[in-house]
Amino acid sequence: MLDQRIALMDRQTYEKMLEVALDEARLGRAEGGIPIGAAIFTRAGELVSRGHNRRVQQGSAVLHGEMDALERAGRQPASVYRENIMYTTLSPCAMCTGGYNLRQRAALT
């Protein structure tokens, strides 16, 4: 179910945030990896973190784009994640959804 905060977001803001995730996917492809990107933003539209799939580059089984973005965000209290929205270029897998849910996120799109 789409979070109400996203439903109320204007299209230009949504596209700007999604473009950051797309840029990360392009970076992953340029590195010879799987082109999937993610970006985490505050409700106010400030970039918190970004990442891309690094499974091929790092030889990792778990370094998906979403996990890379979470890792780059660093350790934050759950209250910080509760106020964030993650944008991804592909529907998150169960691992990535679970990882973000554990941080009590506001929305994952």
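Residues numbered from 1 in each chain as written. Predicted model: local features only at pLDDT ≥ 70, side-chain atom pairs only at ≥ 80, totals over all residues. Heavy atoms only, no water.

1. Digging into helix α2 (residues 11-30)
Because the α-helix completes a turn every 3.6 residues, residues three or four places apart line up on one side. Test applied: Only DSSP runs of H or I with at least four residues qualify as helices, and only runs of E with at least two residues qualify as strands; both kinds are numbered from the N terminus onward. Each helix should span, by expectation, one fewer than its residue count multiplied by 1.5 Å. Under the scheme applied here, a residue whose accessible area is under 20% of the maximum for its type counts as buried, over 50% as exposed, and between as partly exposed, the area being computed with a 1.4 Å probe on protein chains only. The arc in question is traced by the directions running from the helix axis to the C-beta atoms. Working rule for contacts: check all heavy atoms of both residues, and any pair within 4.5 Å makes them a contact.
Taking 1.5 Å of rise per residue, the 20 residues of α2 would be expected to cover 28 Å, and the 28 Å separating its terminal C-alpha atoms lies within 8% of that figure. Residues M17, V20, A21, E24, A25 and G28 constitute the buried set of α2. Around the axis of α2, the buried residues are gathered within 135 degrees of arc, so they sit on the same side. Seen from the open side of α2, the exposed residues pointing more than 90 degrees away from its buried face are R11, Q12, K16, R29 and A30. Buried residues along α2 sit against β1 (37-42), β2 (47-52), α3 (55-58) and β3 (84-88). Positive backbone phi, approximately 90 degrees, marks G32, located one or two places after α2.

2. Notes on the packing of aromatic side chains
Each aromatic ring pair is specified by the distance between its two centres and by the angle formed by the two planes. Filter applied, for reference: The aromatic pairing rule takes the rings of Phe, Tyr and Trp, using the six-membered ring of Trp, and pairs them if the centres are within 6.5 Å, calling planes under 30 degrees apart stacked, those over 60 edge-to-face and the rest tilted.
Counted according to the given criterion, the structure contains two aromatic pairs. Ring plane angle 65 degrees and centroid distance 5.6 Å describe the contact between Y14 and Y87, whose orientation is recorded as edge-to-face. Within this pair, whereas Y14 is found in helix α2, its partner Y87 is found in strand β3, the two being separated by 73 residues in sequence. With a relative accessible area of 28%, Y14 lands in the partly exposed category. Arranged with centres 5.9 Å apart and planes meeting at 80 degrees, the rings of F41 and Y87 form a pair that is edge-to-face. Of this pair, F41 sits in strand β1 while Y87 sits in strand β3, and the two are 46 residues apart along the sequence. The two residues F41 and Y87 agree in class, both being buried. Taken together, the aromatic side chains of Y14, F41 and Y87 make up a single cluster linked through ring pairs.

3. Here's the deal with the state of the cysteines
As a reminder of what qualifies: When the sulfur atoms of two cysteines come within 2.5 Å, that pair is taken as a disulfide.
Across all of its chains, the model carries zero disulfides by this definition. Between C96, a free cysteine, and C93, which holds the nearest cysteine sulfur, the sulfur-to-sulfur gap is 3.7 Å.

4. Looking at the confidence of the model for the chain
The condition is simple: Residue-level confidence of the predictor is summarised by pLDDT, bounded by 0 at the bottom and 100 at the top.
The predicted model of the chain averages 85 in pLDDT, with 85% of residues at 70 or higher. Of all helices and strands in the chain, the one with the weakest mean pLDDT is helix α1 (residues 4-7) (54), whereas β2 scores best (95).

5. Some thoughts on the side chain of E24
Here E24 shows up in helix α2. Residues contacting E24, with those up to four places away along its chain left out, are G37, A38, R50, G51 and H52.

6. A word on helix α4 (residues 65-73)
Of all the residues in α4, the buried ones are G65, E66, D68, A69, L70 and A73. Two residues or fewer past α4, G74 is found with a positive phi of approximately 80 degrees.

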